[in-house]
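Now for the letters of each chain:
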Amino acid sequence: MDFDLAPPTGVGPLRIGMTRQSANTVLDSLRDLSAVSESDRAGQHIFRPSGLMISTHCTRDMLEAVELGRPSTQTDRVIFRGLDVFAIPARELVQRMGEYTSIEADPDDPASFIASDLLLSFWRPFAADDEPEEEQGYFFSSVLLARPGYYDTPAQAAERLQQSS
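Described below are features of the structure shown in this document. (Residues numbered from 1 in each chain as written. Predicted model: local features only at pLDDT ≥ 70, side-chain atom pairs only at ≥ 80, totals over all residues. Heavy atoms only, no water.)

A tally of helices and strands in the protein yields four helices and twelve strands. Sorting the 165 residues of the protein into buried and exposed places 42% on the buried side. For the protein, the proportion of contacts with a sequence separation of at least 24, taken over those separated by at least 6, is 45%. (Helix = DSSP H or I, 4+ residues; strand = E, 2+ residues; numbered from the N terminus. Buried < 20%, exposed > 50% of the residue type's maximum accessible area, 1.4 Å probe, protein only. Contact = heavy atoms within 4.5 Å.)

Next comes the structure, spelled out in structure tokens:
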């Protein structure tokens, strides 16, 4: 199954801003009942048979972010504008994402990158750009799609709140 990243709207049927109850219902619908993982946690995350992890993050009864973890097989793919984000080496993905938007290394974790205009962040445990056999660093391990304001500093959040009132 393909899961299309569509910032800032959502991922597949998971829509940023939907209620926690609706997000839980959608998350349950994405579970493969023929192969339920013992690691699944209702209302938090599921693991599909491919190894793809889908996690929802809710605050104040609203879905504010969806995180997807790299599958171990290609039966599930996470796609952004035709790019399979977990099948392309991290360095190449950053370069290709740079054709669409600004993408910067996370100042707190230089192995990870944030495309703040798209509300997307890409994480890997460490950088291993030149070692394809080291999959945990050569490829990204997860991608997070968030609501507008998710990456704001406290000052930016206060400014956003002031502008909306």
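The strand order across the open sheet built from five strands is 3-2-1-7-8, with neighbouring strands paired in mixed fashion. One side of each edge strand has no neighbouring strand; the edge strands of this open sheet are strand 3 (14-15) and strand 8 (83-84). Sheet topology note: the strand 1 (residues 2-6)/strand 2 (residues 10-11) ladder contains two bridges and is antiparallel. Residue Leu 5 lies in a different strand from strand 2, and its bridge partner there is Val 11. (Pairing = 2+ DSSP bridges.)

Bringing unusual backbone geometry into the picture now. Omega for the peptide link from Pro 7 to Pro 8 comes to -5°, which places this bond in the cis form. Take Pro 8: it is sitting in the loop between strand 1 and strand 2. Although it is not a glycine, Arg 60 adopts a positive phi angle of roughly 50°. Within the secondary structure, Arg 60 sits in the loop between strand 5 (53-59) and strand 6 (62-69). Judged by its relative accessible area of 70%, Arg 60 falls in the exposed class. Its identity as a non-glycine residue notwithstanding, Arg 81 has a phi of 45°, on the positive side. Inspection of the secondary structure assignment puts Arg 81 in the loop between strand 7 (77-80) and strand 8.

Formed by 36 residues in total, the largest nonpolar core has its most connected members in Leu 5, Ile 54, Leu 68 and Leu 120. For this core, the element with the highest residue contribution is helix 2 (residues 90-97), accounting for four residues. Other than its neighbours up to four places away in sequence, Ile 54 contacts Phe 3, Leu 14, Leu 27, Leu 30, Gln 44, His 45, Ile 46, Arg 48, Val 66, Glu 67 and Leu 68. (Core = buried A, V, L, I, M, F, W, Y, C linked by side-chain atoms within 4.5 Å.)

Okay, the environment of Leu 144 next. As for its position among the elements, Leu 144 is in strand 12 (residues 142-146). In this structure, the C-alpha to C-alpha distance between Leu 144 and Glu 67, residues 77 residues apart in sequence, is 4.2 Å.

Within this structure, the stated rule accounts for five salt bridges. Note that Asp 2 is salt-bridged to Arg 77, the shortest N-O span being 2.8 Å. Residue Asp 2 is found in strand 1, and its partner Arg 77 is found in strand 7; the two are separated by 75 residues along the sequence. You can call Asp 2 partly exposed: its relative accessible area is 41%. Judged by relative accessible area, Arg 77 falls into the partly exposed class, the value being 30%. (Salt bridge = Lys/Arg side-chain N within 4 Å of Asp/Glu carboxyl O.)

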